[in-house]
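These are the residues of each chain, in order.
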Amino acid sequence: MKTLHWIAATVAALVTVLPASARKTVIPVETDHTQLILAVQDNGVLQTLHFGAKIADPSAFEAFITGRGTDNGEGPMAYPTTGGRYIGEPALHVRYADGYHNTQLFYKSHTVHANGNIVTTVVTLQDKVTLMEVKLVFDAYQKEDVLCTHTEILNGGKQPVELLNYASGSLYLDADQYFLTHFHGGWADEMQMDGEVLTHDTKVIESRRGTQATQCNNPSFLVSLDTDRLQENVGEVVAGALAWSGNFRLSFEMDEANRLNILAGISPFASTYELAAGQTFVTPDFLYTFSGRGAGQASRNLHAWARNYGIYGGGQINPTLLNSWEGAYFTFTTETLLRMIDDAAAMGLEMFVLDDGWFGKDYPRNGDDAGLGDWEVNTAKIPEGIDYVASYAHGKGLKFGIWIEPEMVNPQSNLAHAHPEWVVQSPGREMLQSRNQWVLDLSNPAVQDFVYGIFDNTMQLAPNIDYIKWDCNRVISDFGSTYLGEEQDRFYVEYVQGIYNVMRRLRAKYPDTIVQCCSSGGGRVDYGALKYFNEIWTSDNTDAFTRAYIQYATNLIYPACIMASHVSAVPNHQTGNVTPLKFRFDIACSGRLGMELQPRNLTEGERALADRCIRSYKEYRDLVFMGDVYRLASPYEGDYYALMYVSQDRRRAVVFTYCTKYQNRAVGAHVFRMDGLDPARRYKVTELNVNRSCWWGSGQVHAGDFLMNGGFNPSLLKTFDSAVFYLEAD
Ligand code: GLA
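Draft legend 1. A look at the packing of aromatic side chains. Under the defined criterion, the tally for this structure stands at 45 aromatic pairs. Ring plane angle 65° and centroid distance 5.3 Å describe the contact between Phe-491 and Tyr-492, whose orientation is recorded as edge-to-face. Assigned by exposure class, Phe-491 and Tyr-492 land together as buried. Each member of the aromatic cluster is reached from another via a ring pair, and the members are Phe-545, Tyr-549, Tyr-552, Phe-583, Tyr-636, Tyr-641, Tyr-658 and Phe-720. The positively charged end of Arg-490 is found above the aromatic ring belonging to Tyr-273, 4.4 Å away from the centroid. Over the face of the ring belonging to Tyr-452 we find Arg-505, whose NZ or CZ atom lies 4.1 Å from the ring centre.

Spelled out as structure tokens, the structure:
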């Protein structure tokens, strides 16, 4: 990326006339390989001069500090506001008590504080007229090359103000062309890659769904510079994500000088935030990284940051499991569950998760139309109680997990009758249902206590509940809160803050419980939730073919360790696709492996394959959880999907290869070039999950440079052929 060229053009005229000044303020925000350069212009405006590869001597940027803005703007402002000369998309837009909208922030001070791997820079800006004060906080993760920024907005005036826009951060880039990759989709089809060359004006990616904010769009992106497509191994790429589990807005504005300004923050939709005199609003984190080596390195940076800092329990390996949902749905007895536990144990799985359907006494949860809100065991189904089932699992050497959906209530429930005022609603209007349920108003502290209690009480149903699947199965519509009264604009923000309050309290009491973030599948996949949750239910769609697309795209931003991926029945219940069991295992093994079917319905041969896949997975899964990902083929670009995970010392790797479409035999099967290996080492290649012996995988030893530059051919010709290889250096 170029240094922002508005400055470059201006400096040519000014550099000779401006005396070099020791007082010029250049603020480098740096990691091991990347650098954001902020600089205070002589008029006090804080600008972004550079984000990209690290330039050894940041003082070189002093020459780019000029005495003034131009007639049509202040150049690339580090945190653009509505006011002054700025006329683009604002990061901050304030309406003052007198009705005026003009905010002009000038540099006041900055501090830099190093704490091991994290260097924190705080730049304070102030409007001298309105006394609004904004702190731009940057945490620079040195080793991971990730910057994490948020903003603290203080109303330093004497009257309340209204925040109309309050982005977490602004990032300016400068290139000749920008290709934006983002993610769209829907239920059972989340995280589909979408992309376009940006043209002038503003592209906005927004969610207004309240809950399930990520079911259709994800608060993350990749921008490729000076190219018209996303490339895996070459080119400059900036990737970023907003850590917020509610309405969000990402905007990409290309101005008349071809600069791109990226703003990321809470969506201002129906969320004007009133800030009292002396009050501060803290925005969520916006994290981003720069790669000079394509999307691959950008993903590896984000993943390393996520494992080390961004995911609750990010450094741990979560157990394989059998989930009861697709195998039993709402129809089960204690006996059904015990037999599934027997089967899970026999197959070598490590946990049994009891999904929906176990609760509701007066309104039993025998379908999705009753019981949500009444979290007591349905003794008609499980007369012995949850402890009995959990103890049985523990006795078989399995962990035990259980499903809750604490933010929701069915109209057919005792809770709905006792607390109708807790439901999200607006006066005089029908309370609209979706999946026969309503949303509880988490902006209300009493509801937060109740939701905390659901989790807490469920944990008391048995002495050692190891895992909670937290679900959230509808979006917010017809929003409104009886608790907030006239302050309805706070609803969307305080709903999310309410969830985070609950999760903070729960984590203080249950630090070791594994908690899955599920929201009809991938409806809540963001780095805000992941501060509290160990993993996500990637999608309700368990069809391996569709999962190839969902998992490929999810993994561009989020690491494999959070991607729960289950093997289900064939044909699968969502798409009807018929994919071979081996293909389904090979896809599921590239994330956190689980099964979600009735094991009794498997044939003997299928059981044998399952045993084999589960056994070998446990031996290499540390690579899936902690290794560096290298993507070798994209299902979005051809008929193959392939990726590998390599250990940090590059001595071990696991390679997954898949064919999604029958290949013309005259052309022959695809040759994949591996990546991330040590070229000088020799690797023994062993094929997993099969009985057959394959030339490539029968213990042959190959040099790293041969595997990476010559490539290897796993002979995938037929639709849904797949092969998995384990590599170990000798
Ligand atoms: C959602 C989840 C599923 C399952 C059902 C239960 O759809 O995504 O995995 O738990 O709810 O009702």
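Draft legend 2. Main features of helix α4 (residues 334-346). Taking 1.5 Å per residue, 13 residues should reach 18 Å; α4 reaches 18 Å between its end C-alpha atoms and fits that length. For α4, the set of buried residues is Thr-334, Leu-337, Leu-338, Met-340, Ile-341, Asp-342, Asp-343 and Ala-344. Looking at the packing, one finds that the buried side of α4 touches β20 (321-323), α3 (325-328), β21 (351-354), α5 (386-395) and α11 (604-626). Two residues or fewer past α4, Gly-348 is found with a positive phi of approximately 90°.

Draft legend 3. Spotlight on the sheet that holds strand β34 (residues 698-703). Read from one edge of the open sheet, 6 strands run β30-β31-β32-β35-β33-β34, paired in antiparallel fashion. Both edges of this open sheet fall to β30 (628-633) and β34, since each of them pairs with a single strand only. Pairs of neighbouring strands in the sheet enclose a mean axial angle of 20°, with direction left out of account. Of the pairings in the sheet, the one linking strand β33 (residues 682-688) to β34 comprises 5 bridges and is antiparallel in character. Across the sheet, the residue bridging to Arg-682 is Ala-703, located in β34. Strands in contact with α11 are β30, β31 (640-646), β32 (652-659), β33 and β35 (722-729); relative to β32, the strand with the most contacts, it is inclined by about 95°.

Draft legend 4. View of the site of the ligand. As a structural note, the neighbourhood of the ligand is formed by 13 residues, with Asp-355, Asp-356, Arg-435, Lys-469 and Asp-540 the closest of them. Between the ligand and the protein, one listed contact pairs an oxygen atom with a side-chain N or O atom of Asp-355 at 2.6 Å. Note that an oxygen atom of the ligand is positioned 3.4 Å from one of the side-chain N or O atoms of Trp-537. Coverage of the ligand by the protein chains reaches 97% of its 310 Å² of free accessible surface. Here the residues of the shell around the ligand are counted per class, giving 4 nonpolar, 3 polar and 6 charged.

Draft legend 5. Expanded view of the packing of helix α2 (residues 294-310) against helix α9 (residues 544-557). Here α2 crosses α9 at 70°, and the two axes come no closer than 7 Å. Classified by the interaxial angle, the pair formed by α2 and α9 is roughly perpendicular. Between α2, through Ala-295, Ser-299, Leu-302 and His-303, and α9, the contact on the second element is made entirely by Asn-555, Leu-556 and Ile-557. Tallied by class, the residues present in the contact of α2 with α9 amount to 4 nonpolar, 3 polar and no charged.

Draft legend 6. Fine view of the side chain of Glu-494. Along the chain, Glu-494 turns up in helix α8 (residues 491-509). Discounting residues that sit within four places of it in the chain, Glu-494 has contacts with Tyr-273, Leu-442, Ser-443 and Leu-484.

Draft legend 7. Expanded view of helix α7 (residues 445-459). Over its 15 residues, α7 extends 21 Å from the first C-alpha to the last, a length consistent with the 21 Å expected when each residue adds 1.5 Å. Listed in full, the buried residues belonging to α7 are Val-447, Gln-448, Val-451, Tyr-452, Gly-453, Ile-454, Phe-455, Asp-456, Thr-458 and Met-459. Each element contacted by the buried residues of α7 is listed here: β22 (399-404), β25 (467-470), α8 and β26 (514-517). Between the side-chain oxygen of the N-cap and the backbone nitrogen of Ala-446 there are 2.9 Å, and the N-cap of α7 in question is Asn-444.

Draft legend 8. Structural context of the pairing of strand β19 (residues 286-291). With 6 of 6 residues buried, β19 lies mostly within the body of the structure. Side-chain alternation along β19 places Phe-286, Tyr-288 and Phe-290 on one buried face and Leu-287, Thr-289 and Ser-291 on a second face that is also buried. Summarising the sheet, strand β8 (residues 146-155) and β19 pair through 4 bridges and their orientation is antiparallel. Opposite Thr-149, over in β19, you have Phe-286 as the bridge partner. As defined by bridge partners, strand β14 (residues 237-242) adjoins β19 across 6 bridges and the pair is classed as antiparallel. Counted as the bridge partner of Val-237 is Ser-291 from β19.

Draft legend 9. Quick peek at the environment of Asn-301. Positionally, Asn-301 belongs in helix α2. On the basis of relative accessibility, which here comes to 6%, the residue Asn-301 falls in the buried class. Placed 10 residues apart in sequence, Asn-301 and Ser-291 show a C-alpha to C-alpha distance of 8.3 Å.

Draft legend 10. Here's a closer look at the environment of Lys-2. Inspection of the secondary structure puts Lys-2 in the segment before α1 (5-14). The sequence separation of Lys-2 and Leu-173 amounts to 171 residues, and the corresponding C-alpha distance is 8.0 Å.

Draft legend 11. Spatial organisation of the pattern of salt bridges. Going through the model one piece at a time under the given rule, you end up with 29 salt bridges. Between Arg-259 and Asp-255 there is a salt bridge, with the nearest N and O atoms lying 2.9 Å from each other. Residue Asp-255 is classed as buried on the basis of its relative accessible area of 13%. Between Asp-586 and Lys-582 there is a salt bridge, with its nearest N and O atoms 2.5 Å apart. Of this pair, Asp-586 and Lys-582 both sit in helix α10 (residues 581-588), 4 residues apart, which is roughly one turn of that helix. Through salt bridges with shared partners, a single network forms among Glu-335, Arg-339, Asp-342 and Lys-396.

What counts and how
Residues numbered from 1 in each chain as written. Predicted model: local features only at pLDDT ≥ 70, side-chain atom pairs only at ≥ 80, totals over all residues. Heavy atoms only, no water. Phe/Tyr/Trp six-rings, centres within 6.5 Å; stacked < 30°, edge-to-face > 60°. Buried < 20%, exposed > 50% of the residue type's maximum accessible area, 1.4 Å probe, protein only. Lys NZ or Arg CZ within 6 Å of the ring centre and 35° of its normal. Helix = DSSP H or I, 4+ residues; strand = E, 2+ residues; numbered from the N terminus. Expected span 1.5 Å × (residues − 1). Contact = heavy atoms within 4.5 Å. Pairing = 2+ DSSP bridges. Axes fitted to C-alpha atoms, helices over the stretch in contact; angles between N-to-C directions. Near = heavy atom within 4 Å. Polar contact = N/O pair within 3.5 Å; in protein donor to acceptor, adjacent residues only side chain to side chain. Areas by Shrake-Rupley, 256 points an atom, 1.4 Å probe, with all protein chains shown as cover. Nonpolar A, V, L, I, M, F, W, Y, C, P; charged D, E, K, R; others polar. Parallel < 35°, antiparallel > 145°, perpendicular 65-115°, else oblique. Salt bridge = Lys/Arg side-chain N within 4 Å of Asp/Glu carboxyl O.

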